[in-house]
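# Remarks on the overall topology
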Amino acid sequence: MTGVLEVRELAVRISTRRGVVRAVDGVSFDVGRGEALGLVGESGSGKSMTLRAVLGVLPPEARITAGQVLLDGTDLVPLDGAALNQIRGPKLAMIFQEPMSALNPVMRVGWQIAEGPQVHLGYSRARAAERAVELMRRVGIPDPEQRFRSYPHEFSGGMRQRVMIAIALSCDPEIILCDEPTTALDVTIQDQILRLLARLCREAGTSLVFVTHDLPVVAQVCQRIAVMYGGQLVERGEVREVLLDPHHPYTLGLVRSAPDVENVRETLVPIPGSPPSLISPPPGCRFHPRCEFAEDDCRETDPPLRPLPGGRATACLHDERCAGTLELDRARP
């Protein structure tokens, strides 16, 4: 599989009055062409900041201090805003969590979809409008010719998110970044949006990076998963393999604390303790204060992500103790 996006040892620092936050700390992952990668973790784990660093839309107090973001071999990190604007849209697009804040409230929806093809693809106004209507129809917006002239406040939350998907697809990008795009939607609408997004990207051969804290969403949309904790990647691999047999205690904790629709009687087990401070993280493994498998060396060594058989990787010094635990949990009466 040809890689379209390669993130290499990415580091992001945020300056605050309390100190420097190590928001993203040496994160590396690849996304293959036409592949969907889920980036998961608790709030504050660094997943959304990673996505914003890839897109080049970090807040003013944040900056990339190390690493590369390679899109088709071109490093995006040193590029200025003008150069990035030539890439956003035709090659790289993003769907945000709350469409109402991402959409222009005083611009008609159809022209917001048509704007990308006009700017990036050189479409005439008439051709761009036709493209927008076609996309509105593809994403399931009824009466697209009429709704073209509607404003965002005239759409429901689910329909606004369909508009965001149409905008993201409008220039046929190679990869779409999704920052928890269905969090604000009810379960039924969420399922419709996820199925729509997965189908459209599959048909177009578009790659996805899908940021979420919801493991069932990852299982529905993605082929591979990358788990973040404390600004670092702690586990990576095929979705089914990782969720059925975690090799990092944090991933195990996430799975134990997530509802399992196939086993409604299963007791949810919360992860004890709190996420680490990213201004002064604990020495050694950042998860060790919350880990049931921690030993003395976990308090001294910050383990790198290391490969496992079958294309998986973990950042646990004692992954052999974690492996198989979930199966034992489920075997208990």
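Structure shown above.
Described below are features of the structure shown in this document. Note that the structure is a prediction, hence the values are computed from the model and not measured.

This next bit is on the pairing of strand β1 (residues 3-16). Note: β1 against strand β2 (residues 19-32), 11 bridges, orientation antiparallel. Residue pairing in the sheet places Val-7 in a bridge with Phe-29 of β2. Hairpin geometry of β1 and β2 is characterised by an intervening segment of two residues between the two adjacent antiparallel strands. Sheet topology note: the β1/strand β4 (residues 62-71) ladder contains eight bridges and is antiparallel. Residue pairing across strands places Val-12 opposite Ile-64, the latter belonging to β4.

Strands sit in the order β6-β7-β8-β3-β9-β10-β12-β11 across an open sheet of eight strands; the sheet is mixed. With partners counted over all chains shown, the strands left at the sheet margins are β6 (92-95) and β11 (306-307), one partner each. Here β6 pairs with strand β7 (residues 175-179) via four bridges, running parallel. When the sheet's bridge partners are listed, Ala-93 is paired in β7 with Ile-176. Set on the sheet, helix α1 (residues 47-55) makes contact with β3 (36-40), β6, β7, β8 (207-212) and β9 (224-229); between it and β7 the angle comes to about 145°. Where helix α11 (residues 249-256) meets the sheet, its contacts fall on β3, β9 and β10 (232-238), and the angle it forms with β9 comes to roughly 105°.

Burial analysis of β8 places six of its six residues in the buried class, which makes it a mostly covered element. Both faces of β8 are covered, namely the face carrying Ser-207, Val-209 and Val-211 and the face carrying Leu-208, Phe-210 and Thr-212. Pairing analysis gives five bridges linking β3 to β8, with the strands arranged parallel. Looking across to β8, one finds that Gly-38 is bridged to Phe-210.

On to the sheet that holds strand β5 (residues 74-75). Within the open sheet, the four strands sit side by side as β2-β1-β4-β5. Their pairing is antiparallel. Two strands close off the open sheet at either side, each with one partner strand: β2 and β5. In this fold α1 packs onto β1, β2 and β4, with an angle of close to 110° to the strand it touches most, β1.

At a minimum axis separation of 8 Å, helix α4 (residues 109-120) and helix α5 (residues 125-138) run at an interaxial angle of 120°. Regarding the angle of α4 to α5, the classification is oblique. α4 and α5 meet at a crossing whose hand is right-handed. Contacts from Val-109, Gly-110, Trp-111, Ile-113, Ala-114, Pro-117 and Gln-118 of α4 reach α5 at Arg-125, Ala-128, Ala-129, Arg-131, Ala-132, Leu-135 and Met-136. Residue composition of the contact of α4 with α5, by class: 10 nonpolar, two polar and two charged.

Conventions used here
Residues numbered from 1 in each chain as written. Predicted model: local features only at pLDDT ≥ 70, side-chain atom pairs only at ≥ 80, totals over all residues. Heavy atoms only, no water. Pairing = 2+ DSSP bridges. Helix = DSSP H or I, 4+ residues; strand = E, 2+ residues; numbered from the N terminus. Contact = heavy atoms within 4.5 Å. Axes fitted to C-alpha atoms, helices over the stretch in contact; angles between N-to-C directions. Buried < 20%, exposed > 50% of the residue type's maximum accessible area, 1.4 Å probe, protein only. Parallel < 35°, antiparallel > 145°, perpendicular 65-115°, else oblique. Left-handed = near helix turned anticlockwise from the far one by under 90°. Nonpolar A, V, L, I, M, F, W, Y, C, P; charged D, E, K, R; others polar.

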